[in-house]
Amino acid sequence: MLNVLADEHPDPNAVADVLRAHGEADPIDLTERDIAELRKAAALLRQVFAAEHVDDAAAVLNGLLKDHAGPLRLTSHGGNSPWHPHLDHDDDAPWDEWFLASSCMALTVLLWDRQRPPGRICASTSCQNVFITQGSGPERRYCSRRCATRERVAAHRHGRATEAP
């Protein structure tokens, strides 16, 4: 969701498609104000992905939770879904409040479980997508193989250009 909201003028249908892909039910009617508020929430969440150290990511998350989350509660949305936790103020909270609070909860669990920042911003100069870091092994720098390949090819071409007489 953060990546689709990174565009200066995100397509409301694309945002609604992401919400549907993650279990939100129709109708999803997003206004221009909803999109603007979701973009503000996404900008706040990107700070978590920009954190280099676990302590910095935790500090950002603690601030976001303090300023933007309500008390933990369980909801079944009136019996329309299984019981699950929410940190927004109620089931009718605006999209941005739900998005920010729910994302903070998920990122908090990832940081708690792995004891490292939960994600990164792609290191590609032509991409600013965020991604969740998963598993063990070397730390990922790029959001996708495509970005990693594009950067390797660019570095190779740059290296060859500086070697040419």
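Here is what the cut-offs are and how they apply
- Along every chain, residues carry numbers that run from 1 in the direction the sequence is written.
- A pLDDT threshold of at least 70 governs which residues receive local features in this predicted model, and a stricter bar of 80 or more applies before side-chain atom pairs are shown or counted, although totals over entire chains, interfaces and linings include all residues.
- By convention in this description, side-chain values take in all heavy atoms of the structure and omit both hydrogens and water.
- Each helix is a run of DSSP H or I of at least 4 residues and each strand a run of E of at least 2, with the numbering of both proceeding from the N terminus.
- A 1.4 Å probe rolled over the protein chains alone gives each residue an accessible area, and that area as a share of the maximum for its type sets the label: buried under 20%, exposed over 50%, partly exposed in between.
- Here a residue-residue contact requires only that any non-hydrogen atoms of the pair lie within 4.5 Å.
- Only four residue types enter the tally: Lys and Arg on the positive side, Asp and Glu on the negative side; His and the chain ends are excluded.
- Taken as the charge centre is NZ of Lys, CZ of Arg, CG of Asp or CD of Glu, depending on the residue.
- Salt bridge, as applied in this entry: a Lys or Arg side-chain nitrogen positioned within 4 Å of an Asp or Glu carboxyl oxygen.
- Angular values range over 0 to 180 degrees, each being the angle between N-to-C directions of two axes fitted as lines to C-alpha atoms, with helices fitted over their stretch in contact.
- Here the word oblique covers every angle except those under 35 degrees (roughly parallel), over 145 (roughly antiparallel) and from 65 to 115 (roughly perpendicular).
- Two helices cross in a left-handed way if the nearer one is turned anticlockwise from the farther one by less than a right angle. They cross in a right-handed way if the turn is clockwise.
- Note on residue classes: Ala, Val, Leu, Ile, Met, Phe, Trp, Tyr, Cys and Pro are nonpolar, Asp, Glu, Lys and Arg are charged, and everything else, Gly too, is polar.

Structural notes on the overall build of the protein
Logical step 1: When helices and strands are counted, the protein shows 5 helices and 4 strands.
Logical step 2: Along its sequence from the N terminus, the protein presents helices and strands in the succession α-α-α-β-β-α-β-β-α.
Logical step 3: If you line up the protein on its principal axes, its C-alpha atoms span 70 × 35 × 25 Å.
Logical step 4: For the protein, with 165 residues in total, the buried portion stands at 36%.
Logical step 5: A fraction of 43% describes how many contacts in the protein between residues 6 or more apart in sequence connect residues 24 or more apart.
Logical step 6: Computed over 18 positive and 24 negative side-chain charges, the separation of the two mean positions in the protein equals 12 Å.

Some details on the environment of alanine 50
Logical step 1: For alanine 50, the position within the fold is in helix H2 (residues 32–50).
Logical step 2: Along the backbone, alanine 50 and valine 60 are 10 residues apart, and their C-alpha atoms lie at a distance of 9.9 Å.

Remarks on the side chain of threonine 133
Logical step 1: With respect to the element layout, threonine 133 can be found in the loop between strand S4 (130–132) and helix H5 (145–163).
Logical step 2: The exposure class of threonine 133 is buried, given its relative accessible area of 8%.
Logical step 3: Residues contacting threonine 133, with those up to four places away along its chain left out, are Arg114, Arg116, Pro117, Pro118, Gly119 and Arg120.

What to know about the pattern of salt bridges
Logical step 1: Under the definition given, this model contains 7 salt bridges.
Logical step 2: The residue aspartate 17 makes a salt bridge to arginine 20 at a minimum N-O spacing of 2.9 Å. Of this pair, aspartate 17 and arginine 20 are both found in helix H1 (residues 12–21), 3 residues apart, which corresponds to roughly one turn of the helix.
Logical step 3: Under the relative-accessibility criterion, aspartate 17 is labelled partly exposed at 47%.
Logical step 4: Overall, the relative accessible area of 32% leaves arginine 20 in the partly exposed class.
Logical step 5: For arginine 20, the salt bridge is made with aspartate 26, and the minimal N-O distance between the two is 2.6 Å.
Logical step 6: Connected via shared salt-bridge partners are Asp17, Arg20 and Asp26.

What to know about the packing of H2 against helix H4 (residues 95–114)
Logical step 1: Here H2 crosses H4 at 20°, and the two axes come no closer than 8 Å. On the basis of the axis angle, H2 is roughly parallel to H4. For the element pair H2 and H4, the recorded crossing hand is right-handed. For the pair H2 and H4, contact is made by Asp34, Glu37, Leu38, Ala41, Ala42, Leu44, Leu45, Val48 and Phe49 and by Trp95, Asp96, Phe99, Leu100, Ser103, Cys104 and Leu107, respectively.
Logical step 2: A per-class count over the contact of H2 with H4 returns 12 nonpolar, 1 polar and 3 charged.

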